Amino acid sequence: MRCGAQWRAVEELNPNDTVSGTSGARLRPESLHSETIWQEPFNCPNAARPLLVPVGALGNTEPFLLQQEMRVLLSDRDAKEAFGTAHVTVHAGDLIGFRGISVAQPPKMARLFRITTRHPDFILIAGGAQVLCQPRFQELLSAEVISADKLQRIGSRYVRHLTHEEADTFLLLMENDVCAH
């Protein structure tokens, strides 16, 4: 993730660091939380396995692992007509198969790192991908807070959070648009 003028792994962040939000703001995390999510890969259910995102799949300059429940920001100018905005989020789990994104073999004794922020914003990770960070109370109530039927203002943009079905359609259209050019 972008920390100051350099990229740094989330494991290396400390409470005094700031991260780059896509709104252009420098965000100081409200909290940095990590937890062991499994001890051995055989304990990890498929729905909890991380995704391996290859270089370039989401605008990233390096490969990275992504948890399936995270929300990822995608943009497409053609989405504005269908969704009321060119900026949409999808659950990372909806990206399986998109541009080479696949379920990864989890590392032994994996840790999950969560950053919470005072206000919802997208942070840059892995040299260009954008994921949603939000206040801890919103993270805990995400089913109620993230509504797929309306636009949400995050930073300087309006974003639509897509349902799984909408994400399938959107990603298919993005894939076809890339293939057509």
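You'll find the structure just up there.
Residues numbered from 1 in each chain as written. Predicted model: local features only at pLDDT ≥ 70, side-chain atom pairs only at ≥ 80, totals over all residues. Heavy atoms only, no water.

Draft legend 1. Quick look at the overall build of the protein. Along the backbone of the protein there are four helices and 15 strands. Each of the 181 residues in the protein was classed as buried or not, and the buried ones make up 43%. Looking at the protein alone, contacts between residues at least 24 apart form 56% of all its contacts between residues at least 6 apart. Here the protein displays about 9700 Å² of accessible surface, and carbon together with sulfur accounts for 53% of that area. (Helix = DSSP H or I, 4+ residues; strand = E, 2+ residues; numbered from the N terminus. Buried < 20%, exposed > 50% of the residue type's maximum accessible area, 1.4 Å probe, protein only. Contact = heavy atoms within 4.5 Å. Areas by Shrake-Rupley, 256 points an atom, 1.4 Å probe, with all protein chains shown as cover.)

Draft legend 2. Representation of the pattern of salt bridges. Tallying each qualifying case throughout the model produces one salt bridge. Its salt-bridge partner being Glu-166, residue Arg-160 comes within 2.7 Å of it at the nearest N-O pair. Take Glu-166: its relative accessible area is 21%, and that puts it in the partly exposed class. (Salt bridge = Lys/Arg side-chain N within 4 Å of Asp/Glu carboxyl O.)

Draft legend 3. Seen up close, the packing of aromatic side chains. Scanning all chains against the criterion turns up one aromatic pair. On the basis of an interplanar angle of 65° and a centroid distance of 6.2 Å, the ring pair of Phe-83 and Phe-170 is categorised as edge-to-face. Within this pair, whereas Phe-83 is found in helix H1 (residues 79-83), its partner Phe-170 is found in helix H4 (residues 164-180), the two being separated by 87 residues in sequence. Comparing Phe-83 with Phe-170, the two get one shared label, buried. (Phe/Tyr/Trp six-rings, centres within 6.5 Å; stacked < 30°, edge-to-face > 60°.)

Draft legend 4. Here's a closer look at the sheet that holds strand S10 (residues 102-103). The sheet built from three strands is open, its strands ordered S7-S6-S10 with antiparallel pairing. In this open sheet, the two edge strands, each paired with only one partner strand, are strand S7 (64-66) and S10. One ladder, built from three bridges, connects strand S6 (residues 51-53) with S7; its direction is antiparallel. Across the sheet, residue Leu-52 finds its bridge partner in S7, namely Leu-65. (Pairing = 2+ DSSP bridges.)

Draft legend 5. Up close: the environment of Glu-11. Inspection of the secondary structure assignment puts Glu-11 in the loop between strand S2 (6-7) and strand S3 (19-20). Taking the C-alpha atoms as reference points, Glu-11 and His-33, 22 residues apart in sequence, are found 9.9 Å from one another.

Draft legend 6. Highlighting unusual backbone geometry. A positive phi angle, close to 50°, is found at Arg-99, a residue other than glycine. Tracing the sequence through the fold places Arg-99 in the loop between strand S9 (87-91) and S10. Overall, Arg-99 belongs to the partly exposed group, its relative accessible area being 29%.

Draft legend 7. Local environment of the nonpolar core. Leu-58, Leu-66, Leu-74, Leu-95 and Phe-170 are the most contacted members of the largest nonpolar core, which totals 31 residues. Elements with a minimum of two residues in this core: S6, S7, strand S8 (71-75), H1, S9, strand S12 (121-125), strand S13 (129-133) and H4. For this core, the leading source of residues is H4, giving four residues. When sequence neighbours within four positions are dropped, the list of residues in contact with Leu-58 reads Val-53, Phe-64, Leu-66, Val-72, Leu-74, Leu-95, Phe-98, Ile-101, Gly-128 and Ala-129. If you look at the next biggest cluster of nonpolar residues, it comprises five residues, including Leu-73, Leu-132, Ile-154 and Val-159. (Core = buried A, V, L, I, M, F, W, Y, C linked by side-chain atoms within 4.5 Å.)

Draft legend 8. Structural context of the environment of Thr-163. Summarising the element assignment, Thr-163 is placed in the loop between strand S15 (157-161) and H4. For Thr-163, a relative accessible area of 29% translates into the label partly exposed.

Draft legend 9. Structural detail: the pairing of S12. Of all five residues that make up S12, four are buried, and the element is covered over most of its length. Bridge count for S12 against S13 is five bridges, and the pairing is antiparallel. Residue pairing across strands places Leu-124 opposite Gln-130, the latter belonging to S13.

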